[in-house]
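# Commentary on secondary and tertiary structure
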Amino acid sequence: MNRQLTMDSRVKEVFAHPVGHDILAKVLLQTGMSSALVNNPVVGNMKLKHISKLTGKILDAGFWDVFLKLLNSEHDVPYTSHEPETHAWWKEAVFYQIYPRSFCDSDGDGIGDLQGIISKLDYLQDLGVDALWLSPVYDSPNDDNGYDIRDYEKIQAEFGTMEDFDTLLEEVHKRDMKLIMDLVVNHTSDEHRWFQEALKDPDSPYRDYYFLRESRDIPNNWTSFFSGSAWNHYEGDLWGLHLFSKKQMDLNWDNPALREEIISMINRWLDKGVDGFRMDVINYISKTEGLPDGDPSVGELMGYTGIENYYYGPHLHEYLREIQAKAFTPHQAFSVGETPGLGMRMAQLVTGEERRELNAVFSFDHLETPGHVRFEDYKYDLNFYRDFILEYIESAGNNSRVTLFWNNHDNPRMISKITDNTAMHKHLSILLAVLQMTLKGIPFVYQGDEMGLKNVPFRGMQDISDVESKGKYEELIQKMSEEEAWKIILAGTRDHARVPLPWNRVPEGEEYRLQMADEDVTEAYRTLIRIRREHKALIYGDMHVINRFRDHFCFTREDDTEILKIETNLSEREVTAQSHKGYVLLYPSVIQNEKILAPYEARIWYRKK
Ligand code: ISL
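Residues numbered from 1 in each chain as written. Predicted model: local features only at pLDDT ≥ 70, side-chain atom pairs only at ≥ 80, totals over all residues. Heavy atoms only, no water.

## Quick notes on the site of the ligand
Heads up, the condition is: Residue proximity to a molecule or strand is established when one non-hydrogen atom of the residue lies within 4 Å of it. We define a polar contact as two N or O atoms separated by no more than 3.5 Å, with the added condition that, inside protein, one atom must be a possible hydrogen donor and the other a possible acceptor, whereas residues neighbouring each other in sequence contribute only through side-chain atom pairs. Where accessible areas are quoted, they stem from the Shrake-Rupley method and a 1.4 Å probe; at the residue level, only the protein chains shown are allowed to cover. Gly falls in the polar group here, along with every residue not listed as nonpolar (Ala, Val, Leu, Ile, Met, Phe, Trp, Tyr, Cys, Pro) or charged (Asp, Glu, Lys, Arg).
Around the ligand there are 20 residues in total, and Asp 144, Asp 280, Tyr 304, His 409 and Asp 410 lie nearest to it. Contact between the ligand and His 409: an oxygen atom at 2.9 Å from a side-chain N or O atom of the residue. With respect to the ligand, the side chain of Glu 468 contributes an N or O atom lying 3.2 Å from an oxygen atom. Computed on the free molecule, the ligand has an accessible area of 520 Å², of which 91% lies beneath the protein chains in the complex. Split by residue class, the shell around the ligand holds eight nonpolar, three polar and nine charged.

## Concerning the packing of aromatic side chains
Put simply, the rule reads: The criterion for an aromatic pair is that two Phe, Tyr or Trp rings (for Trp, the six-membered ring) have centres within 6.5 Å, with stacked assigned to planes under 30 degrees apart, edge-to-face to planes over 60 apart and tilted to the rest. Strands are runs of DSSP state E lasting at least two residues, helices are runs of H or I lasting at least four, and both sets are numbered from the N terminus onward. Per-residue accessibility, obtained with a 1.4 Å probe over protein chains only, is compared with the maximum for each type, and a residue is labelled buried under 20%, exposed over 50%, and partly exposed between these values. Counted as over-ring charges are cases with an Arg CZ or a Lys NZ within 6 Å of the ring centre that also lie within 35 degrees of the ring normal.
Under the counting rule described, the total for this entry stands at 41 aromatic pairs. When the ring of Phe 226 is compared with that of Phe 244, the centres are 5.4 Å apart and the planes differ by 70°; the resulting orientation is edge-to-face. Residue Phe 226 is located in the loop between strand 7 (212–214) and strand 8 (231–233), and its partner Phe 244 is located in the loop between strand 9 (238–241) and strand 10 (248–250); the two are separated by 18 residues in the primary sequence. For Phe 226, a relative accessible area of 9% translates into the label buried. Site record: aromatic cluster; members linked through ring pairs are Trp 89, Trp 90, Phe 95, Trp 133, Phe 334, Phe 362, Phe 364, Phe 405 and Phe 444. Sitting above the plane of the Trp 503 ring, Lys 120 keeps its charged end 4.2 Å from the centroid. In this structure, Lys 472 packs its charged tip against the face of Phe 375, placed 4.8 Å from the ring centre.

## Some thoughts on the side chain of Thr 522
For Thr 522, the location among the structural elements is in helix 22 (residues 519–534). Of the polar contacts made by the side chain of Thr 522, one reaches the backbone oxygen of Glu 450; its length is 2.8 Å.

## Brief notes about helix 13 (residues 256–272)
Where we set the bar: Given a helix with a known number of residues, its expected span is that number minus one, times 1.5 Å.
Its 17 residues give helix 13 an end-to-end C-alpha distance of 24 Å, which sits within 8% of 24 Å, the value for a rise of 1.5 Å per residue. For helix 13, every residue scored as buried is listed here: Leu 258, Arg 259, Ile 262, Ile 263, Met 265, Ile 266, Asn 267, Trp 269 and Leu 270. Where helix 13 starts, the residue carrying a side-chain oxygen 2.9 Å from the main-chain nitrogen of Ala 257 turns out to be Asn 255. A positive phi of about 120° marks Gly 273, the residue just after helix 13.

Written as C-alpha cells, this is what we have:
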C-alpha cells in the first residue's frame, strides 16, 4: 500500500512510488536530464514544493496537481519475485511480427495478403520463429492501415477471405507455431456498424458505446495523436472523441454492454484457435469520468493534451482483469499489451503474474535516447539502451517478462537511427540480434529485421502514405518551410517500416523502395534463434553483468548446467576484448582477433558447469 503523497513529500518518496518513479523517469527522459539526478541525496531529500519552485517555468501548479492525483490513485506496490520462474510457451518463444500489407503479395496487386503469408511459412519455420503476430487483417476502410476496424469478424478483402485465414491458422499450427492477432479495441472505424447506428439515432443503445457529446462548444481541449483536436464535429451539436484519426472513434469501456460485446468477440476468435493477442493502445481504454480538460503544461511536456486522463485510467486494472478472467484464462491465451507511456514500474503493475492482467507489454521508452523524439534526425546511442534494459529486466524480476524489440510498424528502422554508415549495417543488425536473443525477455522480431532492412530514401510527401505523417506535415508547414517540415517527416515517418519486403519486384517508378535483403543477416538470425532454443539458460537462466564500460557490454546467462557469456561492442570504434579462458566460442564460428572487438561485434561464449 502506497502512502498518500503531497507537496510536502520528498523526491525520494515519490521515486519509490511506482507511478512517481515512472513519471519522473519520463520527465527526465523527455527533457534529456540525467536519471542520476533523482538518486542524488540532496535532490532526493528535497520536498516537491521546493522542486516546483525550481522548475516553475517548465512545470506549473497544474502539472503538480495532475501528478499527485495520478500517484494517489494507485495504491498497489509492484512485487518483484526472485523465486524460480514458472515455465510457459510464450516465455520460450521467439515472436515475429507481420505487417500483412507489406509482407508478401501473392496475387500481384501490390498489396500483401494472407496467401502471401502462407507461402512464407516454411521460410519462417526455417528461420526458427515460434509464434507470429499479425497486425490487423480485419475489414477496414484503411484510414490507418487496418487499425481502424469496420468489422471485427470479417477479413479485409484485399488480404483474402475467412477461408484463407482458417488455412493460415491451420498451416501455422501444423508447423508447431502459434498465431496471435492484433486486438484494436480502444476504438473502431467510424464506418463500424455500431458507430453508424449511434450517429443516426440518439436513442440507439450504441450511442453509449462511444464518447458522443452534444454541446455548442468543443467538449474539451484534448488533442489527437494524429494532429489537431481529438473531437470531430458531426451534424447539429454532436461531437465524437477520437484519440487517433478522425475515423478512429474511441469506445466507451465504462459501458458494461460494450465490454461484454468485445469480450464475446475475443472469445469467438479464441474458440477458432488463435493463441492470443497483441492489444493495441490497451492502456488507453479507461478515461477519467467526465472527460475533464487536460492540463496545458502536461500537454506541452508530453506533446499531447489530455493524456493524463487516459494513459493510466481509473479502471484500467479492472478492465484488464475482466478480459483476462472471461476470455484469456479460460483459453490459456497469451496477451501482450501495447502500452505507450507506461514506464517500467507501471508495466510491472499490469504484467506481474500474480496480478492476472497481461502477460507482457510493449513500452517504448527505449526507442529514443534522452531528450530526443522520433521525428528528429539524431544518432541513437546503444549505451543508453544497455543501461535502460538492464534496469528494466532487474525491476521485472521473475514474475514479469520484458519484451525485446528494435522495430515495429510504427517506427523508422533502428539500424538507420544508430548510424548512417551503411557499411556498418550488417554488423549492427547482427549485434542487435545477439542482444535480442540473449538478454532476458521475449524477443519480437519485426519483418525485415532478419534481412537487415534500413530506412527508405523517400523523395518527398508524394511518397508518403501514412495518416500520421500527413497530419503532422500539414501542421508543420504552418510553422516552417516545406523543406524543413519534410526533414522532420523523413526522420520519423512510420512508412520506413511499411514498404514491401524485398521478395518481389516493386512496381515501376517505385524502385527507391526496393532494398537488398542481406543473406548474412538472415543466416545470423537463424543461428542465433537456434542457439537460444538449444540453451535454456538464455530463457530461464539468471543474468549477471560482467562489465558495462562505455561502448563495451559483457554479461552472462546461467543455469544449473551451463554459463553463456555474451560480449558486445556497442560502437563503431574498436574495443579491447575480455579474456574468456575456459570458455568455448559459440557464436560466431570464427573471430578475427580474439583481443579486439571490431565495430559492433558481438560474441557468445559457452562453458558447461
Ligand atoms: O502515435 C503515437 C505517438 O506519436 C504513439 O505513441 C501511438 O500512441 C502508438 O504508437 C499507438 O500505436 C498503435 O495504435 C495506433 C496505430 O496507428 C498504430 O499503428 C498502432 O501500433 C492507433 O490504432
